[in-house]
Amino acid sequence: MKRTTYAEPYKIKMVEPLRNISRRERERLVKLAGYNTFQVKAEDVYIDLLTDSGTGAMSDRQWAGLMMGDESYSGSRNFYHLEAAVHQYYGYKYMVPTHQGRGAEHLIARLLIKPGMYVPGNMYFTSTRLHQELAGGVFEDVIIDEAHDPDSTFPFKGNVDLQKLENLINKVGAANIAYLSLATTVNMAGGQPISLENMKQVRKLTEQHNIRIIHDMARVAENAYMIQQLEPGYADKTVAAITKEICSLTDGAVMSGKKDALVNIGGMMAINDQGLYEEAKNLVVVYEGMHTYGGMAGRDMEAMAIGIAESVDEAHISSRVHQVHYLGAQLREAGIPIVNPVGTHGVYINAAAFLPHIPQVKFPAQALTVALYEEGGVRSVERGIVSAGRNKETGDHHYPSLELVRLAIPRRVYTLSHLDVVAETAINVFEKRYDVPGLEMVFEPKYMRFFQARFEQVVGEPQRMPG
Ligand code: PM9
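Residues numbered from 1 in each chain as written. Predicted model: local features only at pLDDT ≥ 70, side-chain atom pairs only at ≥ 80, totals over all residues. Heavy atoms only, no water.

Caption draft 1: Inspection of the overall build of the chain at higher detail. Counting its regular elements, the chain contains 16 helices and 14 strands. When the backbone C-alpha atoms are referred to their principal axes, the chain occupies close to 65 × 55 × 50 Å. Evaluated residue by residue, the chain yields a buried proportion of 58% over its 467 residues. Expressed as a percentage of contacts within the chain between residues at least 6 apart in sequence, the contacts between residues at least 24 apart total 72%. Carbon and sulfur atoms make up 51% of the accessible area of the chain, which totals about 19,600 Å². (Helix = DSSP H or I, 4+ residues; strand = E, 2+ residues; numbered from the N terminus. Buried < 20%, exposed > 50% of the residue type's maximum accessible area, 1.4 Å probe, protein only. Contact = heavy atoms within 4.5 Å. Areas by Shrake-Rupley, 256 points an atom, 1.4 Å probe, with all protein chains shown as cover.)

Okay, here's the thing in structure tokens:
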């Protein structure tokens, strides 16, 4: 008999109480926070969907692993356990731990990018592009056009457009391409997967030109799950096997352990080339710590080693993605414009369509994050013009085609009831959407402005749509 009901594949052993303050109080606090959800205190949030990064619940095994932390300065046994997990589940030859994903991005950018070199990628990611630019590189978007269209239902919107990549190679020459930065899944496109068929074609093309592929593997298991579900020929393969196959098509990786790998802090850089490993091993001691801890405590390396194994567990991964799709279905049914198909780590609301009265320069996605917080204490994040930052050359805003609000679902933290509350909150805001005012940016930090920028509400302008 086919099961029609669903339950999370875990039971809850420890609880953390939630606080739901009044709407008036939230209006006051978000104003104090400069209308930036990153600046709101976590204790003033009811349901926190700001990010799925470092916010997951560890398993009892991971907590037990913490107690096995070996905090020796050098050669901790937990490092060897983490190294073994990377070999076993991802197949990369060498790895150095880092404090989180951007530590690894810093290392790889310093190792491989010389000023003026190009770094093609399947859409930009905030910290990834910043490290490429700080090393003197120029990011070039080579993702398929469908990824920029929130309404395209193409199942693998993370795919690389081979023609775009080939055009770049012909234009600048392979020797001027530092590497291809290839993400599984693509965060800024809505958590969209790349297909193995596309990866194989990309591999063929880059091999012809001797260009390395560096894999941004923060959510590789989620991508592998979507391949299992959707790509012909993979239904009978395990998520673990697909994950390893993905990695085998690349030369190295940067990984934030705070996503798939179910830890609150940690990351790593992996590479197959021994010479580059020696260089990375040397560089990591300058910026992160000894190459056998790279900024992580022994106990955290242990939790990450265990988390990597848990990340490819079929029951875990299907439940994780199910929660995201459960929320997506509710919003879609209510007529809320969301990015389709729903991705794997969050539901992305198309803020440009949700708030058509607010032009992009008045930050509609940022304004929507404020409205969701005020309405129901739900914290989300802007993934639009604020996150995109400024063009390094012209100083003008980047104007991304996607102006989104992400409702990111932390792993193993909330139940479907919490997601019902989130859906109700979004529906309530949708019903009075023309009352939501735009914003002006009144403070803008230099790097990754979305974290610390401050805004004021635009007053005195008509907000309601005519008619
Ligand atoms: N992602 C997220 O909320 C954390 C805050 S935004 C910088 O989605 C990818 C695909 C990520 C990512 C972080 C990093 C950096 C690299 N690649 O946050 O430094 O989604 O561990 O990882 C965030 P760290």
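Caption draft 2: Expanded view of helix α11 (residues 298–311). Compared with the 20 Å implied by 1.5 Å per residue over 14 residues, the 20 Å span of α11 between its first and last C-alpha is a close match. Of all 14 residues making up α11, 11 are buried, and the element is well covered by its neighbours. Among the residues of α11, those classed as buried are Gly298, Met301, Glu302, Ala303, Met304, Ala305, Ile306, Gly307, Ile308, Glu310 and Ser311. (Expected span 1.5 Å × (residues − 1).)

Caption draft 3: Summary view of the environment of phenylalanine 139. Its place among the elements puts phenylalanine 139 in strand β4 (residues 138–141). For phenylalanine 139, the contacting residues outside a window of four places in its chain are Val119, Pro120, Gly121, Met123, Tyr124, Arg129 and Gln132.

Caption draft 4: How the structure looks around unusual backbone geometry. Residue threonine 185 is reached from threonine 184 by a cis peptide bond, and omega for that bond is -25°. Take threonine 185: it is sitting in the loop between β5 (180–183) and α7 (196–208). In this structure, proline 341 follows asparagine 340 across a cis peptide bond, with omega equal to -15°. Located in the positive-phi region is leucine 262, a residue other than glycine, with phi close to 60°. Relative to the elements of secondary structure, leucine 262 occurs in the loop between β7 (252–256) and β8 (267–271). The phi angle at methionine 448 is positive, at roughly 40°, despite the residue not being glycine. With respect to the helices and strands, methionine 448 occurs in the loop between β13 (439–443) and β14 (454–457).

Caption draft 5: Looking closely at the sheet that holds strand β12 (residues 404–408). If you trace the 3 strands from one edge of the open sheet to the other, you get β9-β12-β11, paired in antiparallel fashion. Here the strands that pair on one side only, and so sit at the sheet edges, are β9 (346–350) and β11 (381–383). Looking at each pair of strands side by side, their axes are set apart by 35° on average, direction ignored. Across 5 bridges, β9 lies against β12 in antiparallel orientation. Paired with tyrosine 348 across the strands is arginine 406, a residue of β12. (Pairing = 2+ DSSP bridges. Axes fitted to C-alpha atoms, helices over the stretch in contact; angles between N-to-C directions.)

Caption draft 6: Spotlight on the site of the ligand. Taken together, the neighbourhood of the ligand is formed by 17 residues, with Thr51, Arg102, Ser256, Lys259 and Arg406 sitting nearest. The contact in question runs from an oxygen atom of the ligand to an N or O atom on the side chain of asparagine 187, over 2.9 Å. Alone, the ligand offers 520 Å² of accessible surface; in the complex the protein occludes 96% of this. Broken down by class, the residue content of the shell around the ligand amounts to 2 nonpolar, 8 polar and 7 charged. (Near = heavy atom within 4 Å. Polar contact = N/O pair within 3.5 Å; in protein donor to acceptor, adjacent residues only side chain to side chain. Nonpolar A, V, L, I, M, F, W, Y, C, P; charged D, E, K, R; others polar.)

Caption draft 7: How the structure looks around the nonpolar core. Membership of the largest hydrophobic core comes to 55 residues, with the highest contact counts inside it found for Tyr90, Tyr92, Met217, Ile246, Met268, Met304 and Ile308. Not counting chain neighbours up to four residues away, the residues in contact with methionine 268 comprise Val86, Tyr90, Met95, Val96, Pro97, Thr98, Ala104, Met217, Ala253, Val254, Met255 and Met304. Listed in part, the 51 residues of the second largest apolar core include Leu49, Val347, Leu407 and Met441. (Core = buried A, V, L, I, M, F, W, Y, C linked by side-chain atoms within 4.5 Å.)

Caption draft 8: Structural view of the side chain of serine 152. By secondary structure assignment, the location of serine 152 is in the loop between β4 and α6 (162–172). One polar contact links the side chain of serine 152 to the main-chain amide nitrogen of phenylalanine 154, over a distance of 3.3 Å. What serine 152 contacts, discounting residues up to four positions off in sequence, is Glu146, Lys157, Asn340 and Pro341.

Caption draft 9: A look at the pattern of salt bridges. In total, this model carries 24 salt bridges according to the counting rule given. Measuring nitrogen to oxygen at the nearest pair gives 2.6 Å for the salt bridge that ties glutamate 222 to arginine 320. Residue glutamate 222 is found in helix α8 (residues 220–230), and its partner arginine 320 is found in helix α12 (residues 314–333); the two are separated by 98 residues along the sequence. Looking at glutamate 222, the relative accessible area reads 0%, which means it is buried. Linked by salt bridges that have partners in common, Arg23, Glu27, Glu374, Glu375 and Lys432 make up one network. (Salt bridge = Lys/Arg side-chain N within 4 Å of Asp/Glu carboxyl O.)

Caption draft 10: Local environment of α7. Between the first and last C-alpha of α7 there are 18 Å, a value that for 13 residues agrees with the 18 Å anticipated at 1.5 Å per step. Restricting attention to buried positions, one finds in α7 the residues Leu196, Asn198, Met199, Val202, Arg203, Leu205 and Thr206. Residues of α7 that are buried make contact with α6, β5, β6 (213–216), α8 and α9 (239–248).

Caption draft 11: Summary view of the packing of α6 against α7. It is at 11 Å that the axes of α6 and α7 come closest, and there the two elements cross at 10°. The pairing of α6 with α7 is recorded here as roughly parallel in orientation. Once α6 is placed against α7, the crossing between them reads as right-handed. Contacts between α6 and α7 involve Leu162, Leu165, Glu166 and Ile169 from the first element and Gln201, Val202, Leu205 and Thr206 from the second. Its residues assigned to classes, the contact of α6 with α7 comprises 5 nonpolar, 2 polar and 1 charged. (Parallel < 35°, antiparallel > 145°, perpendicular 65-115°, else oblique. Left-handed = near helix turned anticlockwise from the far one by under 90°.)

Function cannot be inferred from these measures alone, as they are strictly geometric.
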